[in-house]
Amino acid sequence: MAKIFKVQNLRIGLSSLTALISVLMSSALLAQPDEDKLGAWYTYAWSQRMTNSNFGWQGDVQHRNWNMGGDLEQLLTRAGLTYTSSNSGIRYTLGAANIITGAYGPSNENSEENRIYQEALISQKIGERLYFSHRLRLEQRWVENQDERNRFRYFLGLNIPLNQADLSEGAWYLSFYDEIFVNLERNIGSNRQVDYFDRNRLYAAMGYSITSSLRFQFGYMRQTTDNWSKGQLQFNFFQSF
């Protein structure tokens, strides 16, 4: 009986230790960032439409930093198969992504996330120079040490060319967007919860069309989560083939 009691105590102790380590690791990964320290995101995004086809590809690589460089916030790689409707011009995408998230500060701890996503991109022109885009995205997320969960995102973007009527070669333009993220479940496993509001991103930039298929943007984004709000500079290249 005493031996059984010792084995049970050992199992309980090991379980408690494992839970404690998991909590400590999660705390390290969720360390509160310095909201006054400016971060920087570097992005390359591309798209390609197949010849004589409504299908195509798109993807992006993003290196996000808590500071201007060196303190990794996230490394994101994403790609998807697209279909553009001939009647409406709406572009639908089915894709996948991998995200490595680093802890804020000197810690080298990180976590991994894999996603599958579905989206619809609706382009709209109002007047001579207002180019709007609406993007609706649904994500299925597998975050390390969390249950599978879903998130909805809505993006509203606006590009305004300044020196000509369109965004073709030589155009200088202003770019704005706002994107809201909503968690569709609160429970993420192990008696942990998140808010339905996940985050919001508000962005403003100056852009230049190097060619008709290659554009550069430099701007500022304010990202607000349910725990913190922080500014990031953005350096973005967009290329179409």
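One can find the structure itself at the top, above this paragraph.
Since the model is a prediction, treat every value here as computed from it, not as a measurement.

Conventions adopted
- Numbers given to residues run from 1 along each chain, matching the order in which its sequence is written.
- Only residues with pLDDT of at least 70 are given local features in this predicted model, and only at 80 or more are side-chain atom pairs given and counted; all residues enter the totals for whole chains, interfaces and linings.
- Water and hydrogen atoms play no part in the side-chain values, which are based on all heavy atoms of the structure.
- Strands here are runs of E lasting at least two residues and helices are runs of H or I lasting at least four, both read from the DSSP assignment and numbered beginning at the N terminus.
- Exposed residues in this analysis have more than 50% of their type's maximum accessible area, buried residues have under 20%, and partly exposed residues fall in between, with area computed by a 1.4 Å probe over protein chains only.
- In what follows, a contact means two residues having at least one pair of non-hydrogen atoms within 4.5 Å.
- Throughout, the Shrake-Rupley method with a 1.4 Å probe supplies accessible areas, and for residues the shown protein chains are the sole cover considered.
- The aromatic pairing rule takes the rings of Phe, Tyr and Trp, using the six-membered ring of Trp, and pairs them if the centres are within 6.5 Å, calling planes under 30 degrees apart stacked, those over 60 edge-to-face and the rest tilted.
- Throughout this description, a polar contact denotes any pair of N or O atoms lying within 3.5 Å of each other; where both atoms belong to protein, one of them has to be capable of donating a hydrogen while the other can accept it, and for residues adjacent in sequence the pair is counted only when both atoms sit in side chains.
- Residues forming no salt bridge and having over 30% relative accessible area are the ones grouped into patches, like charges within 9 Å of each other and nonpolar side chains (Val, Leu, Ile, Met, Phe, Trp, Tyr) within 5 Å.
- Between Lys or Arg on one side and Asp or Glu on the other, a salt bridge is scored when a side-chain nitrogen of the former is within 4 Å of a carboxyl oxygen of the latter.

### Re the overall build of the chain
- Each helix and strand in the chain was counted, giving one helix and 13 strands.
- Each helix and strand of the chain, placed in order from N terminus to C terminus, yields the pattern α-β-β-β-β-β-β-β-β-β-β-β-β-β.
- Looking at the chain residue by residue over its 241 residues, the buried ones come to 38%.
- Sequence separation of 24 or more characterises 50% of the internal contacts of the chain that already satisfy a separation of 6 or more.
- On the chain, roughly 13500 Å² of surface is accessible, and the fraction owed to carbon and sulfur atoms is 60%.

### Observations regarding unusual backbone geometry
- The backbone of Asn 52 sits at a positive phi, close to 55 degrees, despite the residue not being glycine.
- With respect to the helices and strands, Asn 52 occurs in the loop between strand 1 (39-49) and strand 2 (55-65).
- Backbone geometry at Asn 191 places phi at a positive 60 degrees, although glycine is not the residue there.
- Structurally, Asn 191 can be placed in the loop between strand 9 (187-189) and strand 10 (192-193).

### Brief notes about the packing of aromatic side chains
- Within the structure shown, the criterion is met by nine aromatic pairs.
- An angle of 20 degrees between the planes, with centres 4.5 Å apart, marks the rings of Tyr 177 and Tyr 203 as stacked. Separated by 26 residues along the polypeptide, Tyr 177 in strand 8 (residues 172-183) and Tyr 203 in strand 11 (residues 197-211) bring together distant segments of the chain. When sorted by exposure, Tyr 177 lands in the same class as Tyr 203, which is buried.
- With centroids separated by 5.1 Å and ring planes inclined at 45 degrees, the aromatic side chains of Phe 218 and Phe 235 adopt a geometry described as tilted. Separated by 17 residues along the polypeptide, Phe 218 in strand 12 (residues 214-225) and Phe 235 in strand 13 (residues 229-240) bring together distant segments of the chain.
- Owing to a relative accessible area of 38%, Phe 218 belongs among the partly exposed residues under this scheme.
- Classification of Phe 235 as partly exposed rests on a relative accessible area of 24%.
- Taken together, the aromatic side chains of Tyr 42, Phe 218 and Phe 235 make up a single cluster linked through ring pairs.

### Some thoughts on the side chain of His 134
- Locating His 134 in the fold gives a position in strand 6 (residues 130-143).
- At 2.8 Å, the side chain of His 134 forms a polar contact with the side chain of Tyr 154.
- Those residues in contact with His 134 that lie beyond four places of it in its chain are Ala 120, Leu 121, Ile 122, Gln 124, Tyr 154, Phe 155 and Leu 156.

### Describing a nonpolar patch on the surface
- A cluster of nonpolar side chains, Met 50, Phe 55, Trp 57, Leu 81, Tyr 83 and Tyr 92, forms an exposed patch at the surface whose accessible area comes to about 540 Å².
- For the nonpolar patch, the elements supplying multiple residues, two or more each, are strand 2 and strand 3 (72-84).
- Structurally, Phe 55 can be placed in strand 2.
- For Phe 55, a relative accessible area of 37% corresponds to the partly exposed category.

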